[in-house]
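Observations on chain architecture
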Amino acid sequence: MAEDLNITTSTDKTEQYTTLIPQIEALLYGEPDLVANLANVAAALKEQFKWFWVGFYLVKNNELVLGPFQGPVACTRIGLGKGVCGAAWQQAKTLVVPDVEAFPGHIACSSLSQSEIVVPVFHNGEVVAVLDVDSELLDQFDETDAQYLEQIVKLLNFA
Ligand code: SME
């Protein structure tokens, strides 16, 4: 599939995700290249939700290293437990941060980012990457985002 995405103008999050997920499945279908797939997932999420920053950090040599993303340039390396991304990696769980200023150790790649969600990506029970999404607005992410973004990262094949 290499057509334009069908972007819904609905403001209902569930409808936005349920419109997008089958299209992400179609984008990934039959494509084994991880970088290509990470790039298209980041682009599809950015196009539907217009978030400030959407992208992946990949675990490499016990560090998170910047992977495919959409948005302004970002920090390239994040240590275990550092920032929201490193904390989500260490705790192996999704972290929703309504106000990044209130998160101890938050790494401000951009001063414009105000709220954030980080979703770990698992392969064989290990965290192999995180999906990081930042918004310029406070309190933009909730359990609905966590649930659907977790579903989306499970579509990625890190084998
Ligand atoms: N804010 C993140 C760093 C990554 S950037 O936002 C793209 C963090 O605290 O881990």
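Residues numbered from 1 in each chain as written. Predicted model: local features only at pLDDT ≥ 70, side-chain atom pairs only at ≥ 80, totals over all residues. Heavy atoms only, no water.

Labelled according to an unreviewed UniProt entry, the chain appears under the name GAF domain-containing protein, originating from Mucilaginibacter lappiensis.

Observations concerning empty space enclosed by the protein
Any empty space left between the atoms is revealed when a probe the size of a water molecule rolls over them. Overall, the coordinates contain one cavity of 30 Å³ or more when judged by the stated rule. Counted as a void, the largest cavity has a volume near 160 Å³. Listing elements by their share of the lining of the largest cavity, those giving two or more residues are β1 (53-60), α3 (83-91) and β6 (126-135). A total of three residues in the lining of the largest cavity trace back to one element, the largest contributor, which is α3. Of the residues in the lining of the largest cavity, the class split is twelve nonpolar, four polar and three charged. (1 Å grid on protein atoms, 1.4 Å probe; cavity = no way out; pocket = protein on both sides within 12 Å on 5 of 7 lines; lining within 4 Å. Points joined across faces, edges and corners; volume = space filled by probe spheres on them. Helix = DSSP H or I, 4+ residues; strand = E, 2+ residues; numbered from the N terminus. Nonpolar A, V, L, I, M, F, W, Y, C, P; charged D, E, K, R; others polar.)

Details of the sheet that holds β6
Spatial ordering of the open sheet is given by β3-β2-β1-β6-β5-β4, a layout of six strands whose pairing is antiparallel. Looking at which strands have only one partner, the edges of the open sheet turn out to be β3 (77-78) and β4 (95-97). Where β1 meets β6, six bridges bridge the pair, whose relative direction is antiparallel. Among the inter-strand pairings, V54 is bridged to a residue of β6, identified as V133. Strand contacts of α3: β1, β2 (63-70), β3, β4, β5 (115-123) and β6, with the helix running at about 35 degrees to β5, the strand carrying the most contacts. (Pairing = 2+ DSSP bridges. Contact = heavy atoms within 4.5 Å. Axes fitted to C-alpha atoms, helices over the stretch in contact; angles between N-to-C directions.)

Some thoughts on the state of the cysteines
This structure, assessed with the given rule, holds one disulfide. Each sulfur of the disulfide joining C75 and C109 lies 2.1 Å from the other. Between C75 and C109, the S-S torsion sits near -130 degrees, and that sign places the bridge as left-handed. Of this pair, C75 sits in the loop between β2 and β3 while C109 sits in the loop between β4 and β5, placing them 34 residues apart in sequence. Overall, the relative accessible area of 35% leaves C109 in the partly exposed class. The structure places no disulfide on C85, whose sulfur is separated from the nearest cysteine sulfur, that of C109, by 7.5 Å. Looking at C85, the relative accessible area reads 4%, which means it is buried. (Disulfide = S-S within 2.5 Å. Buried < 20%, exposed > 50% of the residue type's maximum accessible area, 1.4 Å probe, protein only.)

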